[in-house]
Amino acid sequence: MGKTYERIDGRLRTFIERQPVFFTATAPLVADGTVNLSPKGLKGSFAVLDEQRIAYLDFAGSTAETIAHLRENGRITVMWCAFEGPPTIVRVHGRGEPVFRDDARFKELLGHFPAIDPSRHGLRAIIVVTAELVRDSCGYGVPFMSYDEDRDLHGRRFAREDDASLSAYFSKKDHIAQSLDGLPGLPLPLPPANF
């Protein structure tokens, strides 16, 4: 049933760009390390950069597991599943990299997300993933669910922060500067926002 693809284009690209939620999975190299699985959403925070690369905005949160794992080993899987329409699951297995706000590539990458105001969500980094394996499979076991709208809570919470208060917020959290397993996470203090 499942097929392997060499690139993210055509039907696959259309499918993943249409989904309102996706999931990311990462893990450290140590055998007993914490596997991280995160849901992602917010309309406009995901982009297909080209046939091999995808990216998403990494916003303020209570941990930085994905960033820490990518900094250590780069391994990531991104998954989308259809909650309406034909049953489909698509996975991109690849190498990811957090591009931080002081990186020369940051501003250009941010141009791929014109539909979202990054200042409202405590933007920490842009995660860029280069696909090594792209597969689809049936989603027969995935239930039908309807998408109503994005929650506005994240934007309302973090829109009131500036760079200094956001850095202070992150400094108080146990698992931002380092992961649950003690890996380096988000570099603090945050570099000034240039968006």
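Look a little higher up for the structure.
Residues numbered from 1 in each chain as written. Predicted model: local features only at pLDDT ≥ 70, side-chain atom pairs only at ≥ 80, totals over all residues. Heavy atoms only, no water.

Chemist: So what exactly am I meant to see when it comes to the overall build of the chain here?
Modeler: A count of helical and extended segments in the chain gives 5 helices and 8 strands. When the elements of the chain are put in sequence order from the N terminus, they spell out β-α-β-β-β-β-α-β-β-α-β-α-α. The C-alpha atoms of the chain give 17 Å as radius of gyration, which agrees with the globular expectation for 195 residues (16 Å, within 12%). Looking at the chain as a whole, 44% of its 195 residues are labelled buried. Within the chain, contacts between residues separated by at least 24 positions form 73% of all contacts whose residues are at least 6 apart in sequence. Surface summary for the chain: the accessible area is close to 10,400 Å², and the carbon and sulfur share equals 52%. For the chain, the distance from the average site of its 24 positive side-chain charges to the average site of its 26 negative ones is 2 Å. (Helix = DSSP H or I, 4+ residues; strand = E, 2+ residues; numbered from the N terminus. Rg over C-alpha atoms; globule rule 2.2 N^0.38 Å. Buried < 20%, exposed > 50% of the residue type's maximum accessible area, 1.4 Å probe, protein only. Contact = heavy atoms within 4.5 Å. Areas by Shrake-Rupley, 256 points an atom, 1.4 Å probe, with all protein chains shown as cover. Lys, Arg positive; Asp, Glu negative; His and termini not counted. Charge placed at Lys NZ, Arg CZ, Asp CG, Glu CD.)

Chemist: Would you mind going over the side chain of Asn73 with me for this structure?
Modeler: Locating Asn73 in the fold gives a position in the loop between α2 (65-72) and β6 (75-81). Among the polar contacts made by the side chain of Asn73, one reaches the main-chain carbonyl oxygen of Ala27 at a distance of 2.9 Å. Side-chain polar atoms of Asn73 contact the side chain of Glu72, separated by 2.9 Å. Filtering out sequence-adjacent residues up to four positions away, Asn73 remains in contact with Ala27, Pro28, Leu29 and Arg95. (Polar contact = N/O pair within 3.5 Å; in protein donor to acceptor, adjacent residues only side chain to side chain.)

Chemist: Got a minute to help me understand the environment of Lys43 in this structure?
Modeler: With respect to the element layout, Lys43 can be found in the loop between β3 (36-40) and β4 (46-48). Counting along the chain gives 100 residues from Lys43 to Pro143, while the straight-line C-alpha distance between them is 21 Å. In this structure, Lys43 is in contact with Ile116, Tyr147 and Asp150, ignoring residues within four places of it in sequence.

Chemist: Is there a simple way to explain the nonpolar core in this structure?
Modeler: As a rule of thumb, nonpolar side chains are buried together in soluble globular proteins. Membership of the largest hydrophobic core comes to 32 residues, with the highest contact counts inside it found for Ile54 and Trp80. Sorting elements by how many residues they give to this core places strand β8 (residues 125-138) first, with 5 residues. Here Ile54 is in contact with Ile8, Phe46, Ala47, Val48, Leu49, Val78, Trp80, Val92, Ile127, Val128 and Val129, once residues within four sequence places are set aside. Residues Leu42, Ala47, Leu110 and Phe113 belong to the second largest nonpolar core, which totals 15 residues. (Core = buried A, V, L, I, M, F, W, Y, C linked by side-chain atoms within 4.5 Å.)

Chemist: Help me understand unusual backbone geometry, please; the structure alone is not making it clear to me.
Modeler: One can expect most non-glycine residues to show negative phi and most peptide bonds to be in trans. Of note, the amide linkage connecting Leu188 to Pro189 takes the cis form, showing an omega dihedral of 0°. Examined against the element boundaries, Pro189 turns out to sit in the segment after α5 (163-172). Here Leu42, not a glycine, exhibits a phi torsion of approximately 70°, which is positive. Within the secondary structure, Leu42 sits in the loop between β3 and β4.

Chemist: Would you explain the layout of surface pockets in this entry?
Modeler: Which parts of space are left empty comes out when a probe the size of a water molecule is rolled across the atoms. Of the pockets and cavities examined, the largest pocket occupies roughly 1,100 Å³. Val21, Pro39, Lys40, Gly41 and Leu42 are the residues nearest the centre of the largest pocket, which is lined by 42 residues in total. Listing elements by their share of the lining of the largest pocket, those giving two or more residues are α1 (10-18), β3, β5 (53-58), α2 and α4 (153-158). In terms of residue count, the dominant contributor to the lining of the largest pocket is β3 (4 residues). Taken as a whole, the second largest pocket encloses approximately 250 Å³ of empty space. Lining the second largest pocket are 19 residues; nearest its centre among them are Glu17, Gln19, Lys43, Gly44 and Phe46. Sorting the residues of the lining of the second largest pocket by element identifies α1 and β4 as the ones contributing at least two each. (1 Å grid on protein atoms, 1.4 Å probe; cavity = no way out; pocket = protein on both sides within 12 Å on 5 of 7 lines; lining within 4 Å. Points joined across faces, edges and corners; volume = space filled by probe spheres on them.)

Chemist: I'm lost on the pairing of β8 in this one. Help?
Modeler: Every regular strand shows the same layout, with side chains that alternate between the two sheet faces. Direction of pairing for strand β1 (residues 3-5) relative to β8: antiparallel, over a ladder of 3 bridges. Looking across to β8, one finds that Lys3 is bridged to Asp136. Here β5 pairs with β8 via 6 bridges, running antiparallel. Of the residues in β8, the one forming a bridge with Asp58 is Ala125. (Pairing = 2+ DSSP bridges.)

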